[in-house]
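What follows is each chain in one-letter form.
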Amino acid sequence: MQYQGLTFTDDLHIEELFSLHYFEYMSTFSFPGESHDFWEFICVDKGEVTIGADEAVHTLKRGQIAFHKPNEFHWVRANGNVAPNLIVISFSCRSPMMDFFRDKILNVEEAERRILARTITEAGNYLEGRLDDPYQTTLKARKDASPASGQLIRIYLEQLLISLYRRCSGISGSLQKGSDQLPDKTIKENNDTELFNQITAYLSQNLSEHITIEKICRDNLIGRSQLQKLFQKRSGAGIIEYFSDMKIDAAKQLIRTEQMNFTQISEKLGYSSIHYFSRQFKKVTGMTPSEYASSIKAMADRDMEQGVKNSRKKGCPHRRQADERKTK
């Protein structure tokens with residue numbers, strides 16, 4: 001028997017990666033803007049921001065992703081009330097499929113959020129430096145990075161773009177036409193996703209409480225063993241560890257909003273004392289609340305200084321317009 005191989009074609013291929021960031025910004029954050037000759041997207045993980053794309057202005061909410069085409073001037077600022085978490089990634093891609101993303105703001109679904117999460121996790125293990133440093137202009141791989149880590153990041157980003165393209169352009173990439181019955185495995189995956197989302201929403205609503213596994217099981221009609229297996233599979237952590245991380249994430253956001261002191265934040269999130277809150281915060285983040293606040297404030301001040309310098313560069317009317325908008 002003689003075999004003839006099939007050569008794959010790359011309908012979408014990312015050539016270079018220029019930046020990959022996960023930012024935790026202050027509620028007063030403002031970046032006057034820039035332009036460059038490659039693609040960039042910004043995705044809001046938490047909170048909301050206002051963005052500009054040339055002359056257009058948009059409000060970008062949690063779970064939305066906006067694309068900036070090459071040479072498009074773009075800026076971003078927080079709304080002054082909520083401290084946003086942002087994913088910002090820039091790359092070069094000359095594939096015709098990218099034309100679909102010009103001037104697009106899209107909603108990110110759960111499967112695509114998981115792809116983004118894997119990308120950020122892999123980048124944290126692969127890239128030198130911090131993912132929240134906006135002035136890292138040269139990306140370098142760690143010497144001890146896992147094999148093919150960079151390739152995985154490229155594959156994840158291509159998978160994300162292809163998924164968004166297929167779903168938002170109305171092109172189905174799943175079951176064949178005429179098949180109206182989902183496989184049992186797919187049904188279980190969908191049920192698990194729905195249950196996981198239900199319980200994480202429940203946890204979000206009870207961040208100020210001290211809740212036990214027994215209470216979670218009782219309120220969500222789920223067995224203890226099933227609950228633990230679900231969270232280990234979906235998050236890689238036990239339910240209580242996941243809940244603790246949610247509390248710390250909420251604390252970080254409240255710190256960046258600057259509307260409460262540490263004692264008030266501790267009480268709001270149901271900690272028994274400010275000392276216990278500080279210990280838990282350091283256990284998860286590696287910093288005390290004070291150290292975290294100082295670090296974020298220093299980064300914000302650095303952003304402001306650098307942004308003002310960029311906006312005053314000669315021969316760039318878009319930057320001057322952004323600076324004027326900021327001072328109004």
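Just above sits the structure.
If you're wondering where the values come from, they're calculated on a predicted model, not measured in any experiment. (Residues numbered from 1 in each chain as written. Predicted model: local features only at pLDDT ≥ 70, side-chain atom pairs only at ≥ 80, totals over all residues. Heavy atoms only, no water.)

(A) Spotlight on the overall build of the protein. Of the regular secondary structure elements, the protein holds ten helices and nine strands. Looking at the protein as a whole, 43% of its 328 residues are labelled buried. Residue pairs at least 24 apart in sequence account for 72% of intrachain contacts in the protein once pairs closer than 6 positions are excluded. Of the roughly 18700 Å² of accessible surface on the protein, a fraction of 49% belongs to carbon and sulfur atoms. (Helix = DSSP H or I, 4+ residues; strand = E, 2+ residues; numbered from the N terminus. Buried < 20%, exposed > 50% of the residue type's maximum accessible area, 1.4 Å probe, protein only. Contact = heavy atoms within 4.5 Å. Areas by Shrake-Rupley, 256 points an atom, 1.4 Å probe, with all protein chains shown as cover.)

(B) Seen up close, helix α4 (residues 213-220). When we look at burial in α4, the residues that qualify are Ile213, Ile216, Cys217 and Asn220. For α4, the buried positions fall inside an angular range of 95° around the axis, keeping them on one side. A positive phi of about 55° marks Leu221, the residue just after α4. (Arc of directions from axis to C-beta.)

(C) Fine view of the packing of aromatic side chains. As enumerated under the stated definition, the model contains 15 aromatic pairs in all. Between the aromatic rings of Phe23 and Tyr25, the centroid separation amounts to 4.8 Å while the plane-to-plane angle is 25°, which identifies the pairing as stacked. Among the residues examined, Phe23 registers a relative accessible area of 5% and is labelled buried. Aromatic side chains Phe277 and Phe281 sit 5.9 Å apart centroid to centroid with 65° between the ring planes, which places their arrangement in the edge-to-face category. Remark: Phe281 and Phe277 occur in helix α8 (residues 274-285); sequence separation between them is four residues, near one turn of the helix. Look at Phe277 and you get buried, because its relative accessible area is 0%. With a relative accessible area of 0%, Phe281 lands in the buried category. The rings of Phe41, Phe67, Phe91, Phe100, Phe101 and Tyr165 are connected pair by pair, giving a single aromatic cluster. Taking NZ or CZ as reference, Lys104 lies 4.5 Å from the ring centre of Phe100, over its face. The ring of Tyr271 carries Lys247 above its face, with NZ or CZ at 5.3 Å from the centroid. (Phe/Tyr/Trp six-rings, centres within 6.5 Å; stacked < 30°, edge-to-face > 60°. Lys NZ or Arg CZ within 6 Å of the ring centre and 35° of its normal.)

(D) Here's a closer look at unusual backbone geometry. The backbone of Asp103 sits at a positive phi, close to 60°, despite the residue not being glycine. Secondary-structure assignment places Asp103 in the loop between β8 (85-92) and β9 (105-107). Of note, Glu258 is a non-glycine position whose phi angle comes to about 60°, a positive value. The topology assignment puts Glu258 in the loop between α6 (239-257) and α7 (262-268).

(E) A look at the sheet that holds strand β6 (residues 64-68). Judged by pairing direction, the sheet is antiparallel, and its five strands sit side by side in the order β1-β8-β3-β6-β9 without closing on themselves. Edge positions in the open sheet fall to β1 (16-24) and β9, since each of these has one partner strand only. The mean angle between the axes of side-by-side strands here comes to 15°, regardless of whether they run parallel or antiparallel. Pairing of β1 with β8 involves eight bridges; the strand directions are antiparallel. Bridge pairing in β8 links His21 to Val88. Lying on the sheet, helix α2 (residues 149-168) is in contact with β1, β3 (39-46), β6, β8 and β9; it crosses β9 at an angle near 90°. (Pairing = 2+ DSSP bridges. Axes fitted to C-alpha atoms, helices over the stretch in contact; angles between N-to-C directions.)

(F) A look at the pairing of β3. Where burial is concerned, most of β3 is hidden: eight out of the eight residues are buried. Examined bridge by bridge, β3 and β8 share seven bridges and lie antiparallel to one another. Paired with Cys43 across the strands is Ile87, a residue of β8. Of the pairings in the sheet, the one linking β3 to β6 comprises four bridges and is antiparallel in character. Bridge assignment links Glu40 to a residue of β6, and that residue is His68.

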